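A look at the structure
Residues per chain are reported as follows:
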Amino acid sequence: MPEFPDIVVYLEALEQRVLHQTLQRVQIASPFLLRTAVPPITSAEGKEVIELRRLGKRICIGLEDDQWLVLHLMIAGRLHWKEAAKVAARGSRVQAKASKFGLAAFHFKSGMLSLTEAGTQRRASLHLVQSENELQRFDPGGLEVFEADPQGFGERLQSANHTLKRALTDPRLFSGIGNAYSDEVLWHAQLSPIALTQKLSAAEIKRLFNSTRETLTRWTDLLRAEAGAGFPEKVTAFRPEMAVHGKYGEACPRCGNKVQRIRYAANETNYCPTCQTAGKLLADRALSRLLRADWPRTAEELEGVKRDP
Ligand SMILES: [Zn+2]
C-alpha cells in the first residue's frame, strides 16, 4: 500500500504537472472505482487544479469551486503519467477507451494522469466531494508525525494499549504509516512489533518518535531521488534498500542475523530478533493470535474509516 513517502512523492510529481492546469476530461472505466454520484464526475471537467493535498494515505486534488477528487490507492492502486505529446501520438481512438489505460484517466493539456490497479480485487476508490467540510470527513484523524512534538506523539501512542505494530499502522492514531514503513520504523528504533504501547518507557517513546521521523524522511528523500524529474512509476512496498520489510530469512543489515516474521490474516510483520526482541524468536502461532486480536477490524476496514459528518 502506498504510504507516506510514496504519497508525498506522488503529490510532488503531480504538483509539477497538473497544478494550475485545467482538468479537461475524466474517463472512468471501472464502475467500482467512483464511490460518489453527487456531484456528478462531469462537473469536475473544465475546472482548474488549485491545490494538492495528502490526507492520511489519500491523494486529494483540489479544484475550483471547492471540489475535491479524493483518491485512495489501497494496496495495488498506482498512478501513471503520460506527457501530452505521447498521448496525442497514440491518437484519439485510445482516448475514447479508458480501459486501455486502467481504471480511470484524467486529461490535462499537459498530459494524462491514469490510475491502474493490479490484481482482480477492486479496492482503490475515488470520491468527488463538494466542500472542504466534506473533504475533512475522509481524514481518519491520525497524528501527523512531522507536526507533532515527542510529548504529543507519546500521548497519541499511549491513548490505548495496543501492540506497537497495530498502533503505528492505525490511520486513526498516526497518519500515512502502513505495513511496510512500520516494520522499518520498529527496526530502526530497535523495538518489538508486539511490545505494548502503555508499557513503553519514556526513553523508548522518544526513540520511536525519532525513528519514525528519520525513517520517513530518509525514505521520502530516497524515493524523490529515484523518481528524479520523472513520474514515480516504481511504487512498491518491497524495496531492496529496506532493512526487514519483505526480507524474511535474509540478513539483518545491523547485526547479520536472520530476519523473522509473524503472519496474521493476510499480513506479515518482519523483525530482527537480535535487534528488536532481545534475541527471542517469537512463536509465530501465538503471536499471530495476539496480533489478530489486536485488530478488531481488518486493515482494509480501518483504511475506509470516515468521520461522522
Ligand atoms: Zn539485527
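All of these numbers come straight from a predicted model, not from anything done at the bench. (Residues numbered from 1 in each chain as written. Predicted model: local features only at pLDDT ≥ 70, side-chain atom pairs only at ≥ 80, totals over all residues. Heavy atoms only, no water.)

1. Some remarks on the coordination of the zinc ion
- Distances from the zinc ion to its protein donors, Cys252 (SG), Cys255 (SG), Cys272 (SG) and Cys275 (SG), fall within 2.2 to 2.4 Å.
- Considering all four donor atoms around the zinc ion, the spread of angles at the metal, 96 to 115°, places the coordination shape in the tetrahedral class.
- All donors of the zinc ion belong to a single chain; written as a sequence motif, their spacing is C-x2-C-x16-C-x2-C. Separated by 20 residues along the polypeptide, Cys252 in the loop between α8 (202-227) and β9 (260-264) and Cys272 in the loop between β10 (267-271) and α9 (273-276) bring together distant segments of the chain. One exposure class covers both Cys252 and Cys272, and it is buried. (Donors = N, O, S within 2.8 Å, 3.2 Å for Na, K, Ca; no water. Tetrahedral: all angles 85-135°; square planar, octahedral: opposite > 155°, others 65-115°. Helix = DSSP H or I, 4+ residues; strand = E, 2+ residues; numbered from the N terminus. Buried < 20%, exposed > 50% of the residue type's maximum accessible area, 1.4 Å probe, protein only.)

2. A look at the packing of aromatic side chains
- Across all of its chains, the model carries six aromatic pairs by this definition.
- For the pair Trp81 and Phe108, a centre-to-centre distance of 6.4 Å together with 40° between the ring planes defines the contact as tilted. A residue pair is termed long-range when its members are at least 10 positions apart, and Trp81 in strand β5 (residues 77-83) and Phe108 in strand β6 (residues 104-108) qualify at 27 residues. As far as burial versus exposure is concerned, Trp81 and Phe108 are alike and both buried.
- Taken together, the aromatic side chains of Phe153, Phe174 and Phe209 make up a single cluster linked through ring pairs.
- The ring centre of Trp187 lies 4.0 Å from the NZ or CZ of Arg254, which sits over that ring.
- Its end group placed over the ring of Tyr248, Arg261 keeps NZ or CZ at 3.9 Å from the ring centre. (Phe/Tyr/Trp six-rings, centres within 6.5 Å; stacked < 30°, edge-to-face > 60°. Lys NZ or Arg CZ within 6 Å of the ring centre and 35° of its normal.)

3. Focus on helix α5 (residues 150-157)
- Three or more residues of α5 are buried, namely Phe153, Gly154 and Leu157. Projected down its long axis, α5 shows its buried positions confined to an angular sector of 95°, all on one face. Turned more than 90 degrees away from the buried face of α5, the exposed residues are Gln151 and Glu155.
- Residues of α5 that are buried make contact with α6 (164-169) and α8. (Arc of directions from axis to C-beta. Contact = heavy atoms within 4.5 Å.)

4. Thoughts on unusual backbone geometry
- For the bond from Val38 to Pro39, the omega torsion is -5°, close enough to zero to count as cis.
- Positive phi is not limited to glycine here, since Gln190 has a value of about 55°.
- Mapping Gln190 onto the fold places it in the loop between α7 (179-189) and α8.

5. Concerning the packing of α5 against α8
- One can describe the packing of α5 onto α8 by two numbers: an axis separation of 10 Å at closest approach and a directional angle of 105°. As judged from the angle between their axes, α5 and α8 are roughly perpendicular. Residue-level contacts link Pro150, Phe153, Gly154 and Leu157 of α5 to Ile205, Lys206, Leu208, Phe209 and Thr212 of α8.
- Taken together, the residues of the contact of α5 with α8 sort by class into six nonpolar, two polar and one charged. (Axes fitted to C-alpha atoms, helices over the stretch in contact; angles between N-to-C directions. Parallel < 35°, antiparallel > 145°, perpendicular 65-115°, else oblique. Nonpolar A, V, L, I, M, F, W, Y, C, P; charged D, E, K, R; others polar.)

6. Focus: the side chain of Lys47
- Within the secondary structure layout, Lys47 lies in strand β2 (residues 47-55).
- At a separation of 2.6 Å, a polar atom in the side chain of Lys47 contacts the main-chain carbonyl oxygen of Ser43. (Polar contact = N/O pair within 3.5 Å; in protein donor to acceptor, adjacent residues only side chain to side chain.)

7. Digging into the sheet that holds strand β3 (residues 58-63)
- The strand order β5-β7-β6-β1-β2-β3-β4-β8 describes an open sheet built from eight strands, whose pairing is antiparallel. The open sheet is flanked by β5 and β8 (125-130), the only strands paired with a single partner. Strand-to-strand twist in this sheet, taken as the mean axis angle between neighbours without regard to direction, amounts to 25°.
- In this structure, β6 lies alongside strand β7 (residues 111-117), joined through four bridges in antiparallel fashion. Bridge assignment links Ala104 to a residue of β7, and that residue is Leu115. (Pairing = 2+ DSSP bridges.)

8. Quick notes on the pairing of strand β1 (residues 22-28)
- Sheet topology note: the β1/β2 ladder contains two bridges and is antiparallel. In the strand pairing of β2, Leu23 is matched with Lys47.
- Two elements, β1 and β6, share five bridges in a ladder whose sense is antiparallel. Considered in β6, the bridge of Leu23 is made with Phe108.

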